[in-house]
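Notes for the structure review
What follows is each chain in one-letter form.
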Amino acid sequence: STHHAYLRRTLPRLSEQLDAAHSASGAESPEWLQQVRTTFQALKSDMMNRIRWEEDYLFPTIRTVAEGRVLPDGSTPDQDALHQMAEGHEATKEMLERLRSLTDNYQAPEEAGQDVENVMDRFHELEADLRWHLHKELHILLPRARSLL
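No experiment lies behind these values; they were computed from the predicted model shown.

Scoring rules and cut-offs
Residues numbered from 1 in each chain as written. Predicted model: local features only at pLDDT ≥ 70, side-chain atom pairs only at ≥ 80, totals over all residues. Heavy atoms only, no water. Helix = DSSP H or I, 4+ residues; strand = E, 2+ residues; numbered from the N terminus. Buried < 20%, exposed > 50% of the residue type's maximum accessible area, 1.4 Å probe, protein only. Polar contact = N/O pair within 3.5 Å; in protein donor to acceptor, adjacent residues only side chain to side chain. Core = buried A, V, L, I, M, F, W, Y, C linked by side-chain atoms within 4.5 Å. Salt bridge = Lys/Arg side-chain N within 4 Å of Asp/Glu carboxyl O.

1. Remarks on the side chain of histidine 22
Structurally, histidine 22 is set in helix H1 (residues 3–25). Overall, the relative accessible area of 17% leaves histidine 22 in the buried class. Here glutamine 34 takes part through its side chain, which lies 3.2 Å from a polar atom of the side chain of histidine 22.

2. Re the nonpolar core
Core analysis: the largest hydrophobic core is formed by 25 residues, its most contacted members being Leu7, Phe40, Leu43, Phe123 and Leu126. Residue assignment for this core shows that the elements contributing at least two residues are H1, helix H2 (31–66), helix H3 (80–102) and helix H4 (114–148). For this core, the element with the highest residue contribution is H2, accounting for seven residues. In this structure, Leu58, Ile62, Leu82 and Met85 belong to the second largest nonpolar core, which totals nine residues.

3. Concerning the pattern of salt bridges
Scanning the entire structure with this criterion turns up eight salt bridges. Residue arginine 50 pairs with aspartate 46 through a salt bridge whose shortest N-O separation is 2.6 Å. Of this pair, arginine 50 and aspartate 46 both sit in helix H2, four residues apart, which is roughly one turn of that helix. For lysine 93, the salt bridge is made with glutamate 90, and the minimal N-O distance between the two is 3.3 Å. One end of the pair, lysine 93, and the other, glutamate 90, are both in helix H3, three residues apart, so they sit about a helical turn from each other. On the basis of relative accessible area, lysine 93 is assigned to the partly exposed category, the value being 25%. Salt bridges here are not isolated pairs; linked through shared partners, they connect Glu97, Arg100, Glu127 and Arg131.

What follows is the structure in structure tokens.
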């Protein structure tokens, strides 16, 4: 309810702001800005898909097992889903590193307008939240879930 809700609000809004910044650059939009858009869209798509998967499958599965119940289909969950979660989080970290690299640590170039500066500020906030989110899932939730399976 904390991090996933934040991502649901922030990712679409940030996408719109990034598109507006790109449009404001017109035909002379710098190549780095296009690369930022491409990387961000991949991050956004990946995060939205992962949120759905975690909320629809992974978290209910963990909760069911933690409560000592069996899954509706009678199966027993294995470590594969937890491994998939960890791999996905590593991919998220790589995309964040790519964004940080493309934007020179989220610094707008001098010639950039206020819209680009605002996007860089939002990227910085997004990364801070995502890193805390990933830390909690990888270093708190994941070990607890592994101990159950």
